[in-house]
Each structure stands twice: as C-alpha cells, then as structure tokens.
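Secondary and tertiary structure notes
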Amino acid sequence: MRVAVIGAGTMGTVHSEVYAAMPGIEFLGIVDPQWERAQALATRLGTTAYASYEEMMVEDPDVVDICVPTPYHKDYITRTARAGKHVISEKPLALSAQDASEAIQACKENGVRLFVGQVVRFFPEYRKLYDLVQSGRLGDIGTVRTFRGGRFRMRGTTGMPMNTSVEPWLST
C-alpha cells in the first residue's frame, strides 16, 4: 500500500514514523507548508518531502493520511476523495456536523474509505475503565470525566504552551 502524509507537525511526525517502519507500506512522503520541516522529517525517515499537495498526489498514493489542523480536514478529505484515494484523518473529523457530513458524503460518492483516528478507546487504560463500568463493580456510574492532553506550542513561538493552534495551511 502506498501512503502519503499531509502535515509534519506533532501527529504527522508520529504517523510518518510508523509508516516508515511498517512492513508492506511504501511510504511515499510528506507535504507541509513549512517545506523545511517536511524535508527534515523526510530525510530522517528516508522518504520524500513534497512542496505541494498536488506534487504529492502525482505520486499516486493509495491512502492519504491527513494530519493538519482541524479547520483544514474537510477540504483535504474532499479533495483526496475526489481524487479516488482512501483517507485517514486525525480527529476530530471536522469543526461542525455539517462539515463532517460533507466530508463523509464526498468519500461515499467517490467510493473511498474514510478512517478517523479515534483510537483512544482502544488504549488499555480506557478499555479497562470501560470494562470496570460495564461489569458493575464500581456501582451505578452516572458520569465519567477523563482528560487526555499535551503541551503543544504554536509553530514558531516560544511563549506559553497551547493545546491547539490554527495556522494557514498552504494549498495551491
């Protein structure tokens, strides 16, 4: 399977590292508006950095993994689906239910699969909690609140850590 990644940030790096090591995957490369960042990651992983989405798509990937800020998911999902390529998208799928529906519809209309990386539920600690609640061993549970987060900085800043950032993704 031929895979390409959009985004060389935190999640794009994680996904790229996995693809580079995964048997049976031809990891085509990475595109990011900060070409130097994509180039550094691609060099480290022995793959290609692309200057644009269009340049990457010329390589004819089977799957495109979208690891960009959420406001750009719908655009890349629909463009990729219209190109007849399967899509992996980081969570959340979109900022609104309407955008999510349109992204899903684009994949259906173009006969491609869409996978949204909602993987936390498979983590052992979350599965254990689920099993405990389902077993009744904890009594009647009305609400469970959990937190999972990290310290992320906006690109190019050294200031206060932020949980999210939005930046202009270059798309030609």
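For the structure itself, consult the block above.
In this numbering scheme, every chain counts its residues from 1 along its sequence in written order. Residues qualify for local features only when their pLDDT is at least 70, as the model is predicted, and side-chain atom pairs are given and counted only at 80 or more; totals for whole chains, interfaces and linings, by contrast, use all residues. Working from all heavy atoms in the structure, the side-chain values ignore hydrogens and water.

**Focus: the overall build of the protein chain**
Going along the chain from the N terminus, every DSSP run of H or I of four or more residues is numbered as a helix, and every run of E of two or more is numbered as a strand. Each helix and strand counted, the protein chain has six helices and six strands in total. Listed by position from the N terminus, the elements making up the protein chain come as β-α-β-α-β-α-β-α-β-α-β-α. Each of the 172 residues in the protein chain was classed as buried or not, and the buried ones make up 38%. Note on definitions: a residue-residue contact is assigned when non-hydrogen atoms from the two residues lie within 4.5 Å. In the protein chain, the proportion of contacts linking residues at least 24 apart, taken out of those at least 6 apart, comes to 56%. Per-residue accessibility, obtained with a 1.4 Å probe over protein chains only, is compared with the maximum for each type, and a residue is labelled buried under 20%, exposed over 50%, and partly exposed between these values.

**As for the nonpolar core**
Inside soluble globular proteins, nonpolar side chains tend to come together where they are buried. Only buried residues count toward a nonpolar core. Its members are Ala, Val, Leu, Ile, Met, Phe, Trp, Tyr and Cys residues joined through side-chain atoms within 4.5 Å. Within the largest apolar cluster, 23 residues are counted, with the highest numbers of intra-cluster contacts made by Ile6, Met56, Ile66 and Ile77. For this core, the secondary-structure elements that each account for two or more residues are β1 (2–6), β2 (26–31), α3 (53–58), β4 (63–66), α4 (73–82) and α5 (97–109). Per-element tally for this core: the top contributor is α5, with four residues. Contact partners of Ile6, with chain neighbours within four places excluded, come to Val31, Tyr53, Met56, Val64, Asp65, Ile66, Cys67, Val68 and Tyr76.

**Some details on the packing of aromatic side chains**
Aromatic pairs are defined between Phe, Tyr and Trp rings, using the six-membered ring for Trp, whenever the two ring centres lie within 6.5 Å; interplanar angles under 30 degrees are classed as stacked, those over 60 as edge-to-face, and all others as tilted. Inspection of the entire model under this criterion finds two aromatic pairs. Ring centres of Tyr53 and Tyr76 lie 5.4 Å apart, and the angle between their planes is 50°; on these two criteria the pair is classed as tilted. One end of the pair, Tyr53, is in helix α3; the other, Tyr76, is in helix α4, with 23 residues separating them in the sequence. The exposure class assigned to Tyr76 is buried, which follows from its relative accessible area of 3%.

**Looking at the sheet that holds strand β6 (residues 114–116)**
What links the strands of a sheet is backbone hydrogen bonding, and the strands pair in either a parallel or an antiparallel sense. Note on pairing: DSSP must find at least two bridges between two strands before they are called paired. Pairing is parallel in the open sheet, where six strands are placed in the order β3-β2-β1-β4-β5-β6. Edge positions in the sheet fall to β3 (48–50) and β6, since each of these pairs with one other strand and no more. Looking at each pair of strands side by side, their axes are set apart by 20° on average, direction ignored. Sheet topology note: the strand β5 (residues 86–89)/β6 ladder contains three bridges and is parallel. For helices, the fitted line uses only the C-alpha atoms of the stretch in contact; every axis is such a line through C-alpha atoms, and the angle between N-to-C directions lies from 0 to 180 degrees.

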